[in-house]
Amino acid sequence: RGGDEVIIREFLVGLATITNNTIEERIQLAMELYDDCSSTSTAFLSKTETKAVLNSMNKTCNFFGDTQLSHEQIEELVESVFETYATELQQGTKLSNRHAPDFASHPIMEIFTKRRGTNQNLAKV
């Protein structure tokens, strides 16, 4: 955030981006880390929290000069996956990290991960 302040949750979630795992495993790890850093850890994330996870991963890509998902792509990705599971969502609003494969295989993410030439951190599969 400026002023040399590190937000630990964003930092840890960003680290998931640079692990040597598949995109699915990276998203799952990022979701777990985000939830584990919460004082109210529930193993479920809201749309807002899921967008925060993807935005934190994006910031790490940006730091390394890699391509990123646009704000609109993140919005569409999250809305689409949440809509797919609307009937089974806990209290109608939250997904767990077991849905990471749905994010990883979503057409938006597939297009994004194919940009491997410049996107070494997030797109490494």
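Predicted model only: the values in this text are computed from it and were never measured. (Residues numbered from 1 in each chain as written. Predicted model: local features only at pLDDT ≥ 70, side-chain atom pairs only at ≥ 80, totals over all residues. Heavy atoms only, no water.)

## Regarding the pattern of salt bridges
Item 1. Under the defined criterion, the tally for this structure stands at three salt bridges.
Item 2. Across the pair E79 and K47 runs a salt bridge, and its minimum N-O distance is 2.9 Å. In this pair, E79 is assigned in helix α4 (residues 71-84) and K47 in helix α3 (residues 47-63), connecting sequence segments 32 residues apart.
Item 3. Since its relative accessible area comes to 33%, E79 is described here as partly exposed.
Item 4. Judged by relative accessible area, K47 falls into the partly exposed class, the value being 33%.
Item 5. With a closest N to O distance of 2.9 Å, E75 and K51 form a salt bridge. Remark: K51 occurs in helix α3 and E75 occurs in helix α4; sequence separation between them is 24 residues.
Item 6. Relative accessible area serves as the criterion here: at 27%, E75 is assigned to the partly exposed category.
Item 7. Within this structure, K47, K51, E75 and E79 form a network of salt bridges that share partners. (Salt bridge = Lys/Arg side-chain N within 4 Å of Asp/Glu carboxyl O. Helix = DSSP H or I, 4+ residues; strand = E, 2+ residues; numbered from the N terminus. Buried < 20%, exposed > 50% of the residue type's maximum accessible area, 1.4 Å probe, protein only.)

## What about the packing of α3 against α4?
Item 1. Taken N-terminus to C-terminus, the directions of α3 and α4 make an angle of 140°; their axes are 10 Å apart at the nearest point. On the basis of the axis angle, α3 is oblique to α4. Relative to α4, the crossing made by α3 is right-handed. Facing K47, T50, K51, L54, N55 and N58 of α3, the residues of α4 in contact are I74, E75, L77, V78, E79 and F82.
Item 2. Taken together, the residues of the contact of α3 with α4 sort by class into five nonpolar, three polar and four charged. (Axes fitted to C-alpha atoms, helices over the stretch in contact; angles between N-to-C directions. Parallel < 35°, antiparallel > 145°, perpendicular 65-115°, else oblique. Left-handed = near helix turned anticlockwise from the far one by under 90°. Contact = heavy atoms within 4.5 Å. Nonpolar A, V, L, I, M, F, W, Y, C, P; charged D, E, K, R; others polar.)

## Concerning the nonpolar core
Item 1. Core analysis: the biggest nonpolar cluster contains 24 residues, and I27, V53, L77 and F103 have the highest contact counts within it.
Item 2. Breaking this core down by element, the ones donating at least two residues are α1 (8-17), α2 (23-36), α3, α4, α5 (100-104) and α6 (107-113).
Item 3. The residues touching F103, leaving out its near neighbours within four places in the chain, are I27, M31, T50, L77, V78, V81, F82, L95 and M109. (Core = buried A, V, L, I, M, F, W, Y, C linked by side-chain atoms within 4.5 Å.)

## Considerations on the side chain of S96
Item 1. Looking at where S96 falls in the secondary structure, it is placed in strand β2 (residues 94-96).
Item 2. Those residues in contact with S96, other than ones at most four positions away along the chain, are M31, A43 and F44.

## Quick look at the environment of T113
Item 1. Locating T113 in the fold gives a position in helix α6.
Item 2. Residue class for T113 comes out buried when judged on its relative accessible area of 10%.
Item 3. Residues T113 and Q68 lie 45 residues apart in sequence; the distance between their C-alpha atoms is 9.8 Å.

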